[in-house]
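Remarks on the overall topology
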Amino acid sequence: MTVTVSVSDLRNNISTYLEKVMNGTRVLVRDEKRDIAIAEIIHTSSFDKTTYEKALQKAAGIFSEKNHPEWKTEKDVTNWVSKSRLSDQRSF
């Protein structure tokens, strides 16, 4: 069985949906504003360590001082995050 939920509904009732997943239900999470599916939550009994390690190796080093000179110091990172958050604020 598949259940489709909004992000806000999942956030408000996460334990309920995780319990459904543990019982075999597939949960699709949709962004209602953009009208797209953004995640699928399924129960799996296996864990592929090799695939996980490959994904970690592929992602390692993406965020570095070389790639992001605006992050040279902790203060620079704090300033960058603050500016990014301010620029992303929406007014309705």
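Predicted, not measured: the structure shown is a model, and the values here were computed from it. (Residues numbered from 1 in each chain as written. Predicted model: local features only at pLDDT ≥ 70, side-chain atom pairs only at ≥ 80, totals over all residues. Heavy atoms only, no water.)

1. Brief notes about unusual backbone geometry
The residue Asp35 is not glycine, and still its phi comes out positive at about 55°. Its location among the elements puts Asp35 in the loop between strand S2 (26-31) and strand S3 (36-41). A relative accessible area of 55% means that Asp35 is categorised as exposed. (Helix = DSSP H or I, 4+ residues; strand = E, 2+ residues; numbered from the N terminus. Buried < 20%, exposed > 50% of the residue type's maximum accessible area, 1.4 Å probe, protein only.)

2. What to know about the packing of aromatic side chains
Under the criterion given, the structure shown has 2 aromatic pairs. For the ring pair Phe47 and Tyr52, a centre distance of 5.5 Å and an interplane angle of 55° mean the geometry is tilted. Relative to Trp80, the ring of Trp71 has its centre 4.9 Å away and its plane inclined at 75°; by these criteria the two rings are edge-to-face. A residue is classified by how much of its surface remains accessible, and Trp71, at 19% relative accessible area, is buried. (Phe/Tyr/Trp six-rings, centres within 6.5 Å; stacked < 30°, edge-to-face > 60°.)

3. Quick word on a nonpolar patch on the surface
A contiguous nonpolar patch, built from Val7, Ile36 and Ile38 and spanning about 210 Å² of accessible area, is present on the exposed surface. The residue Ile38 is located in strand S3 in this model. (Patch = residues over 30% accessible without salt bridge, like charges linked within 9 Å, V, L, I, M, F, W, Y side chains within 5 Å. Areas by Shrake-Rupley, 256 points an atom, 1.4 Å probe, with all protein chains shown as cover. Salt bridge = Lys/Arg side-chain N within 4 Å of Asp/Glu carboxyl O.)

4. Focus on the sheet that holds S3
One open sheet accounts for 3 strands, arranged S1-S2-S3; its pairing is mixed. Every other strand in the sheet has two partners, leaving strand S1 (2-6) and S3 as the edge strands with one partner each. Averaged over all pairs of adjacent strands, the angle between their axes in this sheet comes to 30°, without regard to strand direction. (Pairing = 2+ DSSP bridges. Axes fitted to C-alpha atoms, helices over the stretch in contact; angles between N-to-C directions.)

None of the figures reported here should be taken as evidence of function without further support.
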